Amino acid sequence: MSDLARNKATVTAFYDLMFNQSNPAEAIARYAGEVYVQHNPAVADGKQAFIDYFERMASEYPGKRVEFERVIAEGDYVVLHCRQHWPGDRDWAGIDIFRLDASGKVVEHWDVLQVVPETSANANTMF
């Protein structure tokens, strides 16, 4: 398996375990490197902050789901184009960027999120 294929598999497994299976502690234990640098301003930095945030999200939004529309890898980076479903809330379109270390472990994360609107000024979808 190439490093790019390995990195894509790692990131999608990490995200699925954390988000869909609601097990962020196991996701960190299996797939994170020595550090976890967080750039989302709503989530504190570090592994424990990641676990705490997504355990709270699992409690507040049982049944939340993410679908990977696109998975793109270049060098040490993997980009996910995601459709997020939050029960009782709106659906979101997201771009998540992950950086992996030389061992193929997740060490850094950025994201951009946008609500999927009910109507659009064009016939194109967000996906």
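Residues numbered from 1 in each chain as written. Predicted model: local features only at pLDDT ≥ 70, side-chain atom pairs only at ≥ 80, totals over all residues. Heavy atoms only, no water.

Draft legend 1. Seen up close, the packing of aromatic side chains. For the structure on display, the rule yields 12 aromatic pairs. Joined through ring pairs, the aromatic side chains of Phe 14, Tyr 15, Phe 19, Tyr 36, Phe 50, Tyr 53, Phe 54, Tyr 61, Phe 68, Trp 86 and Phe 98 make up one cluster. In this structure, Arg 83 packs its charged tip against the face of Phe 127, placed 3.8 Å from the ring centre. (Phe/Tyr/Trp six-rings, centres within 6.5 Å; stacked < 30°, edge-to-face > 60°. Lys NZ or Arg CZ within 6 Å of the ring centre and 35° of its normal.)

Draft legend 2. Representation of the sheet that holds strand E2 (residues 65-74). Strand order in the open sheet formed by 5 strands is E1-E5-E4-E3-E2, with mixed pairing between adjacent strands. In this open sheet, the two strands that pair with only one neighbour each are strand E1 (32-38) and E2. Each strand axis lies, on average, 25 degrees off the axis of its neighbour in the sheet, ignoring direction. Two strands pair when backbone bridges link them, and strand E4 (residues 92-100) and strand E5 (residues 106-115) are joined in this way by 9 bridges, in the antiparallel orientation. The residue bridging Trp 92 from the neighbouring strand is Val 115, located in E5. Sheet strands touched by helix H1 (residues 3-20): E1, E2, strand E3 (77-85), E4 and E5. Its angle to E2, the strand with the most contacts, is close to 160 degrees. (Pairing = 2+ DSSP bridges. Helix = DSSP H or I, 4+ residues; strand = E, 2+ residues; numbered from the N terminus. Axes fitted to C-alpha atoms, helices over the stretch in contact; angles between N-to-C directions. Contact = heavy atoms within 4.5 Å.)

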